[in-house]
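Structural description and commentary
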Amino acid sequence: MQHRLDYAQAAPAGYKALGSVHSYIHGCGLEKELIDLVYLRVSQLNGCAYCLDSHSRDLLKQGVSLEKLMLLAAWREALPLFTPRECAALAWAESVTQVVHTEVPDEHYAEAKALFDDKEIADLTLGIALMNALNRVAISFRKVPAAVKAHMEHGNHE
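Chains are numbered independently. Their residues run from 1 in the order of the written sequence. The predicted origin of the model limits local features to residues at a pLDDT of at least 70 and limits the giving and counting of side-chain atom pairs to 80 or more, whereas totals for whole chains, interfaces and linings rest on all residues. Processing note: side-chain calculations cover all non-hydrogen atoms of the structure and skip hydrogens and water entirely.

This part is about unusual backbone geometry. Even without being a glycine, Glu103 presents a positive backbone phi close to 60 degrees. Each helix is a run of H or I in the DSSP string that is no shorter than four residues. Each strand is a run of E no shorter than two, and both are numbered from the N terminus. Tracing the sequence through the fold places Glu103 in the loop between α7 (99-102) and α8 (106-113). Buried residues are those whose accessible area, probed at 1.4 Å on protein chains only, stays under 20% of the maximum for their type, while exposed residues exceed 50% and partly exposed ones sit between those limits. Classification of Glu103 by relative accessible area gives exposed; the value is 66%.

Take a look at the structure:
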């Protein structure tokens, strides 16, 4: 993978604006683990290697089990590992991320509304939108994941 462009350097004001949204989301009152699980799930759906690497590392540092991370893509089949709020947030994240297919139907909103108040749903949706934007930027410019950088630095070029 060849990094195409350092978007933070090319458009620093835009990058700073996205960073401000990121800071807002992490200070909005939603649980940090929930936010990072949503970020990781959105990144799985979008196939963003850089964000998969980054958010997996963040969750591991928070003490989230490896088993929970491994089963995130199939969270509905691993329900005991996920709280009801996490399940609702993950379902909402999937619906919003796949808006072209889901059109985010009323029943998906009702499921989220059952466990989140209006501000929380708004904040959660902003976080989902932010991660979708960051995934698209990272994928478009081939942002290299830390694991790939480390692998390449150790002379492993396969």
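Now that the structure is up, let's keep going.
So, on to the nonpolar core. Judged by nonpolar contacts, the single largest core of 37 residues is most densely connected at Val38, Phe82, Trp92, Phe116, Leu124 and Ile128. Contributions of two or more residues to this core are made by α3 (32-46), α4 (49-61), α6 (84-97) and α9 (118-140). By residue number, the principal contributor to this core is α6, which donates eight residues. We define a nonpolar core as any set of buried Ala, Val, Leu, Ile, Met, Phe, Trp, Tyr and Cys residues linked to one another through side-chain atoms lying within 4.5 Å.

Over its 23 residues, α9 extends 33 Å from the first C-alpha to the last, a length consistent with the 33 Å expected when each residue adds 1.5 Å. All of the buried residues along α9 are Glu120, Ile121, Asp123, Leu124, Gly127, Ile128, Leu130, Met131, Asn132, Leu134, Asn135 and Ala138. We call two residues in contact whenever any of their non-hydrogen atoms come within 4.5 Å of each other. For α9, the elements touching its buried residues are α1 (7-10), α2 (12-27), α3, α4, α6 and α8. What qualifies as a polar contact is a pair of N or O atoms within 3.5 Å, subject to a donor-acceptor requirement within protein and to the restriction that residues adjacent in sequence count only when both atoms come from side chains. The N-terminus of α9 is capped by Asp117, whose side-chain oxygen sits 3.2 Å from the backbone nitrogen of Lys119. By this rule the span expected of a helix is its residue count minus one, scaled by 1.5 Å.

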